[in-house]
Amino acid sequence: MIPGPIECEANVLEAMGAPTPGHTAPDFITSFANCLSMMKQVWQCPSGQPFIIAGTGTLAMEMAAANLIERGDKALVISTGYFGARYARILECHGAEVTMLEADPGQTIDNEMVEKTLKSEKYKVMTFTHVDTSTAVRTDAQALGQLGSKYGALTILDGVCSVAGENIAQEDWGIDVVLTASQKAIGVPPGLALMVVSEKAMQTWEKRKTPATGYYTDWANWLPIMKAYESNQPAYFGTPATNLIKALEKGLENIINEGMQQRFKRHEILGKAFRAAMIALGLTIIPSSETLSANTLSAPYLPDGVQFADFMAAMGHTKVAIAGGLLQSIKTRYFRVGHMGSTGMDEIRLCVEGISFALNECGLKVDAEAAWEAAMEHLKEVESDS
Ligand SMILES: *Cc1c(COP(=O)(O)O)cnc(C)c1O
């Protein structure tokens, strides 16, 4: 239950393990076309341009920056943790003059502050992280998207820990780029950078005065490939990750078959249940309110007196894998648990029991049963739905 790579469903792994298709095989062309079309559905962006590129989420971040930034452009980064700082660095690498608004751990930046900043200067691009995987803080992507467009900035949403787990209506919310990677809430093994780009952002890119900084990242190389596969034609620029694209087809089908709204609701219930269990164990979670708490992962602080190394060693004796801290300033004071993709009640239960066991091993006296009951208060909803 680390926050990515997550466990994949069986049909995804079967597709991944099938004999490697050629990138010009008719069956593969169909799968690629299906993926591109399903992405627009999952991103809720019917008129967007989808891209599927071999690489990680960081490549998707870099691709948006490399194509939309020209030297000297101003970029505003709304940072709610580790990945905001990463975006600032990437934008700088591509020549942007970056202003970063950095929230304290567990907090977001007030919308008034964002608005004041957007008013004070003309920003070409504004980036924000939907769910920062280092803090489990979720921003209000709709409000930020609307603020960015109000002041004429292209908005880029790092949705690596949220797409398919949290509601994102890219087109309705007017967000220009929503990007993710295959291994988080999409539920596919790592290796694909995924993004959908608005018509407005594609037009801005077309009107660039200077060539994009980068070769592999240049949309000029990839757009014809995506267009070709969208119309059921093969094309070559760099070899597509054919097994991964076959797996992505299954992953996206699973998401759509569950029903997008159902899926968001399930994530919401699992998130609430897990947090309730942690609070029942006496832990404090990093996000400072329920509204700021992600549905895809949680980040509880360790109780006073429990050493990180001891806790993780005790977790090693359970069947549950969780992740340590990521945000440098508090790295050894908390841990992270992903509850996305196909996670259900059974996994939440095992995890709550595992964490209770580990805390008791560290000398606390916590009640696993009471924690599970607190979780069940929320999970009942999942049970009655299914
Ligand atoms: C995981 C993650 C990334 C980086 O993705 P990689 O696939 O590891 O490169 C970026 N942003 C967020 C919010 C993430 O959770």
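Let me begin by describing the structure that accompanies this report. (Residues numbered from 1 in each chain as written. Predicted model: local features only at pLDDT ≥ 70, side-chain atom pairs only at ≥ 80, totals over all residues. Heavy atoms only, no water.)

### A closer look at the pairing of strand β9 (residues 192–197)
And step 1. Taking burial as the measure, the six residues of β9 include six buried ones, the bulk of the element.
And step 2. Burial of the side chains of β9 extends over both faces: L192, L194 and V196 are buried on one face and A193, M195 and V197 on the other.
And step 3. Note that strand β1 (residues 49–54) and β9 share six bridges and pair antiparallel. Following the sheet pairing, F51 is matched in β9 by M195.
And step 4. Note: strand β8 (residues 177–181) against β9, five bridges, orientation antiparallel. Paired with V177 across the strands is V197, a residue of β9. (Buried < 20%, exposed > 50% of the residue type's maximum accessible area, 1.4 Å probe, protein only. Helix = DSSP H or I, 4+ residues; strand = E, 2+ residues; numbered from the N terminus. Pairing = 2+ DSSP bridges.)

### Considering the sheet that holds strand β10 (residues 297–298)
And step 1. The strand order β10-β12-β11 describes an open sheet built from three strands, whose pairing is antiparallel. The open sheet has two edge strands with one neighbour each: β10 and β11 (323–324).
And step 2. Two strands pair when backbone bridges link them, and β11 and strand β12 (residues 335–338) are joined in this way by two bridges, in the antiparallel orientation. Paired with A323 across the two strands is R336, which belongs to β12.

### Topic: the environment of L223
And step 1. Topologically, L223 is positioned in helix α9 (residues 219–230).
And step 2. With relative accessibility at 15%, the residue L223 sits in the buried group.
And step 3. When the C-alpha atoms of L223 and F237 are compared, they prove to be 9.9 Å apart, with 14 residues separating the residues in sequence.
And step 4. Once residues within four sequence positions are removed from consideration, L223 is found in contact with Q49, F51, M202 and W205. (Contact = heavy atoms within 4.5 Å.)

### Side note on the packing of aromatic side chains
And step 1. For the coordinates displayed, the defined rule picks out eleven aromatic pairs.
And step 2. For the pair F51 and W219, a centre-to-centre distance of 5.3 Å together with 15° between the ring planes defines the contact as stacked. With F51 in strand β1 and W219 in helix α9, this residue pair connects regions lying 168 residues apart in the sequence.
And step 3. Classification of F51 by relative accessible area gives buried; the value is 0%.
And step 4. When the centroid spacing of 6.0 Å and the interplanar angle of 75° are considered together, the rings of W205 and W219 count as edge-to-face. Separated by 14 residues along the polypeptide, W205 in helix α8 (residues 199–206) and W219 in helix α9 bring together distant segments of the chain.
And step 5. Residue W205 is classed as buried on the basis of its relative accessible area, which comes to 12%.
And step 6. A residue is classified by how much of its surface remains accessible, and W219, at 0% relative accessible area, is buried.
And step 7. Following the ring pairs from residue to residue traces out a cluster consisting of Y215, Y216, W222 and F237. (Phe/Tyr/Trp six-rings, centres within 6.5 Å; stacked < 30°, edge-to-face > 60°.)

### Some points on the site of the ligand
And step 1. Lining the immediate environment of the ligand, one finds 14 residues, of which T56, T58, T133, D158 and K184 sit closest.
And step 2. T58 is positioned with one of its side-chain polar atoms (N or O) 2.5 Å from an oxygen atom of the ligand.
And step 3. Separating an oxygen atom of the ligand from a side-chain N or O atom of T133 is a distance of 2.3 Å.
And step 4. Taking 380 Å² as the accessible area of the ligand by itself, protein coverage stands at 89%.
And step 5. Ranked by residue count, the leading element in the shell around the ligand is helix α3 (residues 57–68), at three residues.
And step 6. Its residues assigned to classes, the shell around the ligand shows six nonpolar, six polar and two charged. (Near = heavy atom within 4 Å. Polar contact = N/O pair within 3.5 Å; in protein donor to acceptor, adjacent residues only side chain to side chain. Areas by Shrake-Rupley, 256 points an atom, 1.4 Å probe, with all protein chains shown as cover. Nonpolar A, V, L, I, M, F, W, Y, C, P; charged D, E, K, R; others polar.)

### Section: the sheet that holds strand β4 (residues 125–129)
Within a sheet, each strand pairs with its neighbour through backbone hydrogen bonds, oriented either parallel or antiparallel.
And step 1. On the basis of which strands lie adjacent, the open sheet formed by seven strands has the order β1-β9-β8-β7-β4-β2-β3 and mixed pairing. On the outer flanks of this sheet lie β1 and β3 (97–102), each paired with one strand and no other. In this sheet, neighbouring strand axes are inclined to one another by 15° on average, regardless of whether the strands run parallel or antiparallel.
And step 2. Pairing of β4 with strand β7 (residues 154–158) involves five bridges; the strand directions are parallel. What sits directly across from T127, in β7, is I156.
And step 3. On top of the sheet, helix α10 (residues 242–258) reaches β1 and β9; it is set at about 60° to β9, its chief contact. (Axes fitted to C-alpha atoms, helices over the stretch in contact; angles between N-to-C directions.)

### Re the packing of helix α2 (residues 26–42) against α9
And step 1. Two elements in contact, α2 and α9, have axes whose closest approach is 8 Å; the angle formed by their N-to-C orientations is 105°. Here α2 lies roughly perpendicular to α9, going by the angle between them. The segment α2 lies against α9, with F28, I29, F32, A33, L36 and K40 engaging M226, Y229 and E230.
And step 2. The residue makeup of the contact of α2 with α9, split by class, is seven nonpolar, no polar and two charged. (Parallel < 35°, antiparallel > 145°, perpendicular 65-115°, else oblique.)

### Thoughts on the pattern of salt bridges
Pairing between side chains of opposite charge can happen when the charged atoms of each approach one another.
And step 1. This structure, assessed with the given rule, holds 18 salt bridges.
And step 2. As a salt-bridge pair, R263 and E258 come within 3.3 Å of each other at their nearest N and O atoms.
And step 3. Between E268 and K265 there is a salt bridge, with the nearest N and O atoms lying 3.8 Å from each other. A residue pair is termed a helical-turn pair when its members lie 3 or 4 positions apart in one helix, as E268 and K265 do in helix α11 (residues 260–280) at three residues.
And step 4. Because the salt bridges share partners, they merge into one network encompassing K74, E97 and E121. (Salt bridge = Lys/Arg side-chain N within 4 Å of Asp/Glu carboxyl O.)

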